[in-house]
Amino acid sequence: MYGVTHRQEHAHEEGIWCVSWVKNVSRDVDYIVTGAADNMVKAWTWSDQVSQLEHKWTFHGHQLGVVSVDIDPAGSVAASSGLDGYIHLWDLESGKQIRSIDGGQVDVWTLSFSPDGKTMATGSHNGHINLFNVQTGEKRSSLDTRGKFTMSIAHSPDGKLIASGAIDGIINLFDLETGKLLHTLEGHAMPIRSLTFSPDSMLLVTASDDKHLKIYDVQHANLAGSLAGHSSWVLGVKFFSDNQRFVTSSSDKTVRVWDTSTRQCVHTFKDHSDQVWGVAVNMDSSKMASVSDDNSLIIYNCPT
């Protein structure tokens, strides 16, 4: 059954804007990383055996609010970007900062690790997607969306594509190997806050301020479905690893789980008291997490 398994009140001192969840398989540790308006990045560990969330580290370094966090696929390095334009890389085992990268003159809004963990993509106000070498911190290349402020980024799990969502509702799909712009999709007329590929890289789901979700067939760049249900901006979206479900969060204070094949909402959580900025799902699709402007981090149980 779906249900709340843990609620961490006052996880941050101000609204929490982003969350990521990755398992470090070699150490058998589930890491959850959160970033908030209080300029802080926090690392937590989750134990399924005792359903316990433990605060592991607080990372200091950002001068302004933290808008995006991600964890590398190995579960050993966390990355954060803030309104101060800086990217920080953190060692989750030692709690130390690995390096700091100046994102340039424009704010680094969103970031995403590549599936091999070697590259990090960031979106920015000028519409460019910058690719950084994780090992050296050097900028490798830049993808030009020829558009506006890039608010969201996602890598396809097969490592072939990168998708970006812009403030004007435009979605761009790039070939990562060649850097070539493959498709431009005009599915939304309002900002795209989040997007996610299905684990098999066949579908792309986008979340927008227009209160709708769009599902795209990646191979043919066709719109495969449009979903309504949230009563306000859709702020976060993440696929489950089982390929059959995805979860969304909204400024309507709810978290919703959707069935990929039926395109129906299968469960709605109403446990936050303010807008829900981000969602994350664990490795085996048995748990998920959400973060909100109510300063709380909630862990949910999901049937598998």
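Here's a quick rundown of the structure. (Residues numbered from 1 in each chain as written. Predicted model: local features only at pLDDT ≥ 70, side-chain atom pairs only at ≥ 80, totals over all residues. Heavy atoms only, no water.)

So, about the overall build of the protein. Summing up its helical and strand segments, the protein has zero helices and 28 strands in all. A globule of 304 residues ought to have a C-alpha radius of gyration of about 19 Å, and the protein, at 17 Å, matches this closely. Its C-alpha atoms put the protein at 45 × 45 × 35 Å along the principal axes. A separation of at least 24 residues holds for 43% of the contacts in the protein among residues at least 6 apart in sequence. Within the protein, one finds 24 positive and 35 negative side-chain charges whose respective centroids are separated by 2 Å. (Helix = DSSP H or I, 4+ residues; strand = E, 2+ residues; numbered from the N terminus. Rg over C-alpha atoms; globule rule 2.2 N^0.38 Å. Contact = heavy atoms within 4.5 Å. Lys, Arg positive; Asp, Glu negative; His and termini not counted. Charge placed at Lys NZ, Arg CZ, Asp CG, Glu CD.)

A few words now on the sheet that holds strand 14 (residues 150-155). Here we have four strands laid out as an open sheet, ordered 14-15-16-17, and antiparallel in their pairing. Looking at strand neighbours, the two that pair on one side only are strand 14 and strand 17 (181-185), the edges of this open sheet. In this sheet, neighbouring strand axes are inclined to one another by 20 degrees on average, regardless of whether the strands run parallel or antiparallel. Where strand 15 (residues 161-166) lies against strand 16 (residues 171-175), five bridges are found, and the strand directions are antiparallel. Looking across to strand 16, one finds that serine 164 is bridged to asparagine 172. (Pairing = 2+ DSSP bridges. Axes fitted to C-alpha atoms, helices over the stretch in contact; angles between N-to-C directions.)

Before going further, it helps to examine the packing of aromatic side chains. Tallying each qualifying case throughout the model produces six aromatic pairs. Ring geometry for tryptophan 109 and phenylalanine 149: centres 5.3 Å apart, planes at 90 degrees, overall edge-to-face. On the criterion of sequence distance, the pair formed by tryptophan 109 in strand 10 (residues 108-113) and phenylalanine 149 in the loop between strand 13 (139-144) and strand 14 is long-range, its members being 40 residues apart. Through a chain of ring-to-ring contacts, three or more aromatic side chains come together here, namely Tyr2, Phe269 and Tyr300. The ring centre of phenylalanine 240 lies 4.3 Å from the NZ or CZ of arginine 245, which sits over that ring. (Phe/Tyr/Trp six-rings, centres within 6.5 Å; stacked < 30°, edge-to-face > 60°. Lys NZ or Arg CZ within 6 Å of the ring centre and 35° of its normal.)

A few words now on unusual backbone geometry. Positioned with a positive phi, lysine 253 is a non-glycine residue whose angle comes to about 80 degrees. Here lysine 253 lies in the loop between strand 23 (245-250) and strand 24 (255-259). In this structure, serine 285 is a non-glycine residue whose phi angle is positive, near 65 degrees. By the secondary structure assignment, serine 285 is in the loop between strand 26 (276-281) and strand 27 (287-292). On the basis of relative accessible area, serine 285 is assigned to the buried category, the value being 1%. (Buried < 20%, exposed > 50% of the residue type's maximum accessible area, 1.4 Å probe, protein only.)

Our next topic: the side chain of asparagine 24. Its place among the elements puts asparagine 24 in strand 2 (residues 16-24). On the basis of relative accessible area, asparagine 24 is assigned to the buried category, the value being 4%. Among the polar contacts made by the side chain of asparagine 24, one reaches the main-chain carbonyl oxygen of glycine 75 at a distance of 3.1 Å. When residues no more than four places from it in sequence are discounted, the contact partners of asparagine 24 are Val29, Tyr31, Ala74, Gly75 and Ser76. (Polar contact = N/O pair within 3.5 Å; in protein donor to acceptor, adjacent residues only side chain to side chain.)

On to the sheet that holds strand 24, then. One open sheet holds the four strands; their spatial order is 22-23-24-25, and the pairing between them is antiparallel. On the outer flanks of this sheet lie strand 22 (234-239) and strand 25 (265-269), each paired with one strand and no other. Put simply, the sheet's adjacent strands are angled 20 degrees from each other on average, direction ignored. Of the pairings in the sheet, the one linking strand 24 to strand 25 comprises four bridges and is antiparallel in character. Residue pairing in the sheet places valine 255 in a bridge with phenylalanine 269 of strand 25.

Turning next to the side chain of serine 114. Looking at the element boundaries, serine 114 is found in the loop between strand 10 and strand 11 (119-124). Excluding residues that lie within four positions of it along the chain, serine 114 makes contacts with Pro73, Thr119 and His155.

Another point: the environment of lysine 270. Of note, lysine 270 is situated in the loop between strand 25 and strand 26. As for lysine 270 and serine 286, which are separated by 16 residues in sequence, their C-alpha atoms are 19 Å apart. Setting aside its immediate chain neighbours within four residues, lysine 270 contacts Lys253 and Thr254.

Take the environment of methionine 120 next. As for its position among the elements, methionine 120 is in strand 11. With relative accessibility at 0%, the residue methionine 120 sits in the buried group. With residues near it in sequence (within four places) discarded, methionine 120 still touches Ala79, Ile87, Leu89, Ile101, Leu111, Ser112, Phe113, Asn130, Leu131, Phe132 and Val134.

All we've got here are geometric facts, nothing functional implied.
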